[in-house]
Amino acid sequence: DAGITQSPRHKVTETGTPVTLRCHQTENHRYMYWYRQDPGHGLRLIHYSYGVKDTDKGEVSDGYSVSRSKTEDFLLTLESATSSQTSVYFCAISDGPGEGTEAFFGQGTRLTVV
Amino acid sequence: AQSVSQHNHHVILSEAASLELGCNYSYGGTVNLFWYVQYPGQHLQLLLKYFSGDPLVKGIKGFEAEFIKSKFSFNLRKPSVQWSDTAEYFCAVSKRGGADGLTFGKGTHLIIQP
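Residues numbered from 1 in each chain as written. Chains lettered and ligands numbered in written order. Predicted model: local features only at pLDDT ≥ 70, side-chain atom pairs only at ≥ 80, totals over all residues. Heavy atoms only, no water.

Asks: When you look at the overall build of chain A in this model, what are you seeing that I'm missing?
Replies: Of regular secondary structure, chain A possesses 0 helices and 11 strands. In sequence order, chain A lays out its α and β elements as β-β-β-β-β-β-β-β-β-β-β. Computed over its C-alpha atoms, the radius of gyration of chain A comes to 13 Å, within 12% of the 13 Å expected for a compact globule of 114 residues. In terms of principal-axis extent, the alpha carbons of chain A reach across some 40 × 30 × 25 Å. Across chain A, the fraction of contacts at a sequence separation of at least 24, relative to all contacts at a separation of at least 6, is 54%. (Helix = DSSP H or I, 4+ residues; strand = E, 2+ residues; numbered from the N terminus. Rg over C-alpha atoms; globule rule 2.2 N^0.38 Å. Contact = heavy atoms within 4.5 Å.)

Below you can see the structure in the form of structure tokens.
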């Protein structure tokens, strides 16, 4: 398995509180992604990064922010958690958008907002 | 933006039956195509991928997929399924040269009955 560690693996938080999820990689891949997985929706891209301090929005970025100060770490912050952000969050890494390059996924973080 | 459509959301088969899961994508440019599998409680793992060459690609665990460019399709097949194939299957596409990661279909929940 690719060296991707997500923390925490499970979290319960209250509505209105800020939450930060961490993705750490040991593969030195340039690209990192945050997805959320919800029943009936598959995986949807929240934000992605194509290098240190280089990030961009994905399909469902409202209410989320990200930061990448080091190649190995990509942080996802829920600025003020809402119940609609209850989901399973997956981090993914990739060598790039070239021919045939695949994404490797972390184990996921199950977040419950009560 | 590209999109991915998976035809079947839930499929129930008996062991030894043949499997075909449909996947169509919409994007006019060059793409990489993927099938990922998610076993219960686990992260996504790559089954197979297509980026160029022979449109019939073989993956792990006896799975194969055929890319039909004229139909924008990338259907997954397995001649004889096993109980251990029970999982969620996701078709995904990425733009060749695009940094914004994978676009996923909504997934197919496959249940294999012994």
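Asks: Help me understand the interface of chain A and chain B in this model?
Replies: Taken together, the contacts link 22 residues of chain A with 23 residues of chain B. Interface area for chain A against chain B, summed over the two sides, is near 1900 Å², with a carbon-plus-sulfur share of 55%. Connecting chain A to chain B are 1 salt bridge. Residues K49(B) and E102(A) are paired through a salt bridge, measuring 3.4 Å at the closest nitrogen-oxygen approach. Put simply, chain A and chain B have 5 residue pairs in polar contact (both at pLDDT 80 or more) between them. Here the residues of the side of chain A that touches chain B sort into 10 nonpolar, 9 polar and 3 charged. (Buried area = accessible area lost by both parts, 1.4 Å probe. Salt bridge = Lys/Arg side-chain N within 4 Å of Asp/Glu carboxyl O. Polar contact = N/O pair within 3.5 Å; in protein donor to acceptor, adjacent residues only side chain to side chain. Nonpolar A, V, L, I, M, F, W, Y, C, P; charged D, E, K, R; others polar.)

Asks: Sorry, what's going on with the nonpolar core here?
Replies: L33(B), W35(B), L47(B), L48(B), F74(B), L76(B) and Y89(B) are the most contacted members of the largest nonpolar core, which has 28 residues in total. What Y89(B) contacts, discounting residues up to four positions off in sequence, is Q6(B), L21(B), W35(B), Y36(B), V37(B), L47(B), F63(B), L76(B), G107(B), T108(B) and L110(B). (Core = buried A, V, L, I, M, F, W, Y, C linked by side-chain atoms within 4.5 Å. Buried < 20%, exposed > 50% of the residue type's maximum accessible area, 1.4 Å probe, protein only.)

Asks: Looking at this model, I keep getting lost on the environment of F90(B). Mind explaining?
Replies: Residues and elements named next belong to chain B. Assignment of secondary structure puts F90 in strand β10 (residues 87-95). On the basis of relative accessible area, F90 is assigned to the buried category, the value being 1%. On a C-alpha basis, the gap between F90 and K71 in space is 19 Å, while along the polypeptide they are 19 residues apart.

Asks: Hey, could you run me through the state of the cysteines in this one?
Replies: Each disulfide is one covalent bond, formed between the sulfur atoms of two cysteines. All names here are of chain A. Scanning all chains against the criterion turns up 2 disulfides over all chains. With a sulfur-sulfur separation of 1.9 Å, C23 is cross-linked through a disulfide to C91. Negative torsions about the S-S bond denote left-handed disulfides, and the value of about -70 degrees found for C23 with C91 makes this one left-handed. Pair noted here: C23 is in strand β3 (residues 19-25) and C91 is in strand β9 (residues 87-94), with a separation of 68 residues, a long-range link. (Disulfide = S-S within 2.5 Å.)

Asks: Before we go on, may I ask you to explain the side chain of S94(A) in this structure?
Replies: Residues and elements named next belong to chain A. Counting through the fold element by element, S94 comes out in strand β9. Here S94 falls in the buried class, since its relative accessible area comes to 4%. Not counting the four nearest positions on each side in its chain, S94 is found in contact with H29, R30, Y31, Y33, T101, E102 and A103.

Asks: Which parts of the structure should I look at to understand the environment of H41(A)?
Replies: Its place among the elements puts H41(A) in the loop between β4 (31-38) and β5 (42-51). Residues H41(A) and E79(A), 38 residues apart in the sequence, show an inter-C-alpha distance of 23 Å.

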